[in-house]
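Structural characterization, general
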Amino acid sequence: MSEEIKKYSGDAATQQMRRRAEEEGVVTIWDREALQEPHCGFGTLGVCCKNCNLGPCRIDPFGEGATQGVCGATAEVIAARNLVRHIAAGSACHNDHGREITKTLLMAAEGKTKFYQITSVDKLKSLANEFKIKTDNRKPEEIAIDVAKKIFSEYGQQEGEISLIQRAPEKQKKIWRKFNLMPRGIDREVVECLTRTNIGVDNDYQNLMMQGMRTALSDGWGGSMVATELSDILFGKPSPQRARVNLGVLKHDEVNLLVHGHVPVLSEMICNASTLPEMIEYAKQKGANGINVAGLCCTANEVLVRRGFPVAGNFLQQELALLTGAVDLLLVDLQCIMPSLPEIAHCFHTKIVSTSPKAKFPGMEHIEFKEEEALPIAKQIVKMAIDNYPNRDKARVCIPDESKNLVPGFTTEYVFDMLGGKYRSTFRPLNDAIINGRIRGVAGVVGCDNPKMESGDTHLKLVKELIKNDVLVVQTGCSALACAKAGLLTPEAAYEFAGKGLREICEAVGIPPVLHLGACVDNSRILTACIEMVKEGGLGEGLDDLPIAGAAPEWMSEKAIAIGWYFVASGALVVFGMPFPVYGSPEMTRFVTEDVEKITGGKWAFEPDPLKMAQIMIEHINKKRAALRLQPMMYEK
Ligand code: SF4
Ligand code: MSK
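Note that residues are indexed from 1 along each chain, following the sequence as it is written. Each chain gets a letter, beginning with A, and each ligand a number, beginning with 1, in the order they are written. Since the coordinates come from a predicted model, pLDDT governs what is reported: local features require at least 70, and pairs of side-chain atoms require 80 or more to be given and counted, while whole-chain, interface and lining totals use all residues. To obtain the side-chain values, all non-hydrogen atoms of the structure were included, while hydrogens and water were left out.

1. Thoughts on the packing of helix H24 (residues 558-569) against helix H25 (residues 586-600)
Heads up, the condition is: In this analysis an axis means a line fitted to C-alpha atoms, helices contributing only their contacting stretch, and an angle means the value between N-to-C directions, from 0 to 180 degrees. For the purposes of this entry, the term helix denotes a DSSP run of H or I that reaches at least four residues, the term strand denotes a run of E that reaches at least two, and both are numbered from the N terminus. With respect to orientation, any angle under 35 degrees is reported as roughly parallel, any angle over 145 as roughly antiparallel, any angle of 65 to 115 as roughly perpendicular, and every other angle as oblique. Note on contacts: a residue pair is in contact if any heavy atoms of the two residues lie within 4.5 Å. Polarity classes work like this: nonpolar for Ala, Val, Leu, Ile, Met, Phe, Trp, Tyr, Cys and Pro, charged for Asp, Glu, Lys and Arg, and polar for all others, with Gly in that last group.
Interaxial distance between H24 and H25 falls to 10 Å at its minimum, and their mutual angle equals 40°. When the axes of H24 and H25 are compared, the pair comes out oblique. Of the residues in H25, those touching H24 at Trp 565, Val 568 and Ala 569 are Phe 591, Val 592, Val 596 and Thr 600. A class-by-class count of the residues in the contact of H24 with H25 yields six nonpolar, one polar and no charged.

Spelled out as structure tokens, the structure:
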């Protein structure tokens, strides 16, 4: 095996399929990345601008050439404008995801689609209470209609404050009101970002960044939180269950149908269709022993945490899954889907189908998804996969013999029940474990995998170091899958990898040292868990007092920037493995790594080495512990 391949990912399935790509002459993301090296320095530093036709302009970061764009914009203005546009785009994606789920809930409640039901009535009622919607003596459908309409109104709300952000501790709300960071409406903040970043509008980098933070908050406490809450209401609250992950979940003798993207509305229906006796019987008629639905990226996480469906891989494995030659149909909706997929699919028998009017791909067949016809469309797609099974060239199939167990499906509500036991739901044991020094703190490790880094291994090394140091880790997205592939998301991992204090807690409660909370939108579950830690008492008055930290070691998407910013705006330290593009401006670099802390209590750090990254997070957690005067770590001399 080429040393180059080994260097980039320790995951054996990834190595094997990259070797196959080399042999077959198939170009993958690693090859394309190499062709882009060295990446444009101006872009990397964030000091190029093409916001108007006076440009494009670029600032010389060494101060020898142009120090201003044609309009007079300086490096810090250009870097801030670019960053704010990234935040707006990332937030828009999450917010739109929330909008899709809201639409489905409304259609289900109004009887416009018979294929979706309200599964979690208790969650619907408690959400309705937060929106001040009456629940007494009302049918769930009536309540759901009011909830969905209220949420829609908050997308376009012009003034005031969005509802779900009222969940935050008073300390944060005071800060956000004082600094004008309270989001007024979910879509509104994104639009204002686009206005302000036009030529000649907002030319104060700090003022621009305040709007960037307000927008990110409208994502975390708005669109993303809506997506999580309503998905739980429609599809059920996740709960821990055993499942499997990595390319080895593909089956030689069954129809393999992969679901890829983000919004779970269609993938849930595909799962339903694939388990219908008539479909299984049809698959048997075509010579298959069954239908194997598995996921990629965040759609994978959605059907994993609620239904225990297997996961074929994370972001970097989407092309590799096709290279197995065993995928009969790949179904995509939107977000994180590489446009290169049809080219690879066409090297094999794989059918590839897009479904969202917002995301079309040359080379894919398009079957438009409609909620009113959800199950018939899902059945049509499952049937297409079955019909394609006999076309599979068995001689060309190569499925890596690699898959691992994991236990996903933890939520804020589940942590209550799990820790408190049957009679008293509470976060008290978690807070006590932190206060008495068994657990040092909590770290959220999230985000994408990236060929510029070690392709998933950065997550692994970081998380192992954190749990070794008694930091309980919570994960979402492709980061969770990277660690699951190495077996870290099982209760047994505590014995092998966790420090003594954390191990004791994991043993007592029967949980993994690394908890999988769901897809990228479910980072909102980390916010709600943090709220409960503050409410439980003993760990300060606000989110910025908690001994917590966040990281996205291999981030690549604008969505990761938006997520990072809503945590920083909520008072957390967030470490990225690679800086976002601001280093061309000393002022902006100082703002994001230092000055912002004086406003929100949170800040950024950038560090590519996973062990140093862990150190930064641990030192930050220790600093918070010291400020709270918590007991010394129980097993540290
Ligand atoms: Fe150049 Fe200013 Fe136009 Fe940007 S907005 S392209 S810096 S002139
Ligand atoms: S899917 S945003 S690659 S985590 Fe949410 Fe993975 Fe990053 Fe997409």
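Having seen the structure, we can now continue with the description.
2. Quick notes on the site of ligand 2
Short version of the rule: We call a residue near a molecule or strand whenever a single non-hydrogen atom of that residue lies within 4 Å of it. Start and end points for every domain follow an automatic or database-based domain assignment.
Taken together, His 262, Cys 297, Cys 298, Phe 315, Cys 336, Gly 447, Cys 448, Cys 478, Cys 520, Met 556, Ser 557 and Lys 559 make up the full set of residues near ligand 2. Residues that form the shell around ligand 2 fall into these classes: eight nonpolar, three polar and one charged. Residues from two domains meet in the shell around ligand 2; each of domain 3 (243-396) and domain 4 (407-628) gives at least three.

3. Considerations on the domain arrangement of the chain
Going by this rule: A simple way to read buried area is as the amount of 1.4 Å-probe accessible surface that goes missing from two parts once joined, with both sides added. For salt bridges, the criterion is a side-chain nitrogen of Lys or Arg within 4 Å of an Asp or Glu carboxyl oxygen. Each polar contact in these results corresponds to two N or O atoms within 3.5 Å; when the atoms are within protein, one needs to be able to donate a hydrogen and the other to accept it, and residues that are neighboring in sequence are counted only if both atoms are side-chain atoms.
Partitioning the chain into structural domains gives domain 1 (3-58), domain 2 (75-235), domain 3 (243-396) and domain 4 (407-628). Just the C-alpha atoms count here: the centres of domain 1 and domain 4 sit 28 Å apart. Tallying the contact residues gives 14 residues for domain 1 and twelve residues for domain 4. Roughly 950 Å² of surface becomes buried between domain 1 and domain 4 when both sides are summed, with 56% attributable to carbon and sulfur atoms. The tally of links from domain 1 across to domain 4 stands at one salt bridge. Asp 11 serves as the salt-bridge partner of Lys 485, at 3.6 Å between the closest nitrogen and oxygen. Between domain 1 and domain 4 we count three residue pairs in polar contact (both at pLDDT 80 or more) in total.

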